[in-house]
Amino acid sequence: ETQIDYLAVYDHADDPSIQCELFGVFRTLLHNDPILIEQTQSQIIIRPEDLAADRIIHMDGRDHPENEPFTALGHSIGWYEGSTLVIDTVNIAASIAEDGLNIHNADNAHAIERYTLSEDGTRLHGQFTLIDPVMFREPLVLERTRVFTPEVNLIDAPCESISGEM
């Protein structure tokens with residue numbers, strides 16, 4: 001498939017979030033709302049607000065499964081390189097990657113995330129790399145820093161209030 005195939009058929013009125021469908025992995029990653037990160041011995045769960053989807057990152061040393069179908073969230077594994085958490089996600093289905101910039105990803109896009117906590121524990125610096133040879137000539141690298149806000153509770157507003165369907 002080519003870039004034109006994806007962009008030619010896209011209409012903002014068809015945005016899945018208008019139908020209360022959860023965001024795919026890239027849109028969840030690039031969403032600006034607060035997140036909660038829960039870590040156990042075998043996995044990390046990243047819980048965002050609203051229509052962004054909860055993500056499970058397998059931390060038990062497994063590899064990606066072979067011949068799995070593409071899904072909105074793909075399959076994520078993670079490990080630490082020193083104090084930096086690295087997350088590798090594959091098997092991602094075509095979707096809207098970022099609505100504000102009108103970025104889309106094709107089937108089988110690949111994400112690499114790197115997260116490093118500041119020395120004082122108040123900021124989480126993230127580097128996000130989207131590898132998608134169908135849509136981009138070279139990997140797209142974005143960076144963002146999140147501020148630790150333990151006093152903020154996640155809000156799961158009803159989808160209808162977010163999508164404008166109320």
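Shown above is the structure to which this text applies.
Anyway, here's the lowdown on the structure attached to this text. All of these numbers come straight from a predicted model, not from anything done at the bench. (Residues numbered from 1 in each chain as written. Predicted model: local features only at pLDDT ≥ 70, side-chain atom pairs only at ≥ 80, totals over all residues. Heavy atoms only, no water.)

**Topic: the pairing of strand S8 (residues 109-117)**
Within a regular beta strand, the side chains point alternately toward one face of the sheet and then the other, so they alternate between its two faces. Taken together, the seven bridges between strand S5 (residues 84-92) and S8 define a ladder with antiparallel strand orientation. For valine 86, the partnering residue across the bridge sits in S8 and is arginine 114. Judged from the eight bridges that link them, S8 and strand S9 (residues 123-131) form a sheet pairing that is antiparallel. By the bridge assignment, arginine 114 is partnered in S9 with glutamine 127. (Pairing = 2+ DSSP bridges. Helix = DSSP H or I, 4+ residues; strand = E, 2+ residues; numbered from the N terminus.)

**So, unusual backbone geometry**
Here the phi dihedral of asparagine 91 falls at roughly 60°; this positive angle occurs in a residue that is not glycine. Its place among the elements puts asparagine 91 in strand S5. Residue asparagine 91 is classed as buried on the basis of its relative accessible area, which comes to 12%. A positive phi angle, near 70°, is found at asparagine 108, a position not held by glycine. With respect to the element layout, asparagine 108 can be found in the loop between strand S7 (103-105) and S8. (Buried < 20%, exposed > 50% of the residue type's maximum accessible area, 1.4 Å probe, protein only.)

**Things to note about the pattern of salt bridges**
In this structure the tally under the stated criterion is five salt bridges. Across the salt bridge formed by arginine 47 and aspartate 54, the nearest N and O atoms sit 2.9 Å from each other. The class for arginine 47 is partly exposed, based on a relative accessible area of 27%. Accessibility expressed as a relative area gives 37% for aspartate 54, which makes it partly exposed. Among the salt bridges present, the one from glutamate 81 reaches arginine 114, with a minimum N-O distance of 2.9 Å. (Salt bridge = Lys/Arg side-chain N within 4 Å of Asp/Glu carboxyl O.)

**Brief notes about the nonpolar core**
Phe26, Leu29, Phe128 and Leu130 are the most contacted members of the largest nonpolar core, which has 19 residues in total. Elements with a minimum of two residues in this core: helix H2 (25-30), strand S2 (43-48), S5, S8 and S9. No other element matches H2, which puts four residues into this core. When near neighbours in sequence (up to four residues on either side) are disregarded, leucine 29 contacts Arg55, Glu113, Tyr115, Phe128, Arg144 and Arg146. (Core = buried A, V, L, I, M, F, W, Y, C linked by side-chain atoms within 4.5 Å. Contact = heavy atoms within 4.5 Å.)

**Observations concerning the environment of methionine 135**
By the secondary structure assignment, methionine 135 is in the loop between S9 and strand S10 (140-147). For the pair formed by methionine 135 and asparagine 105, sequence separation is 30 residues and the distance between their alpha carbons is 6.4 Å.

The values are spatial; any link to function lies outside them.
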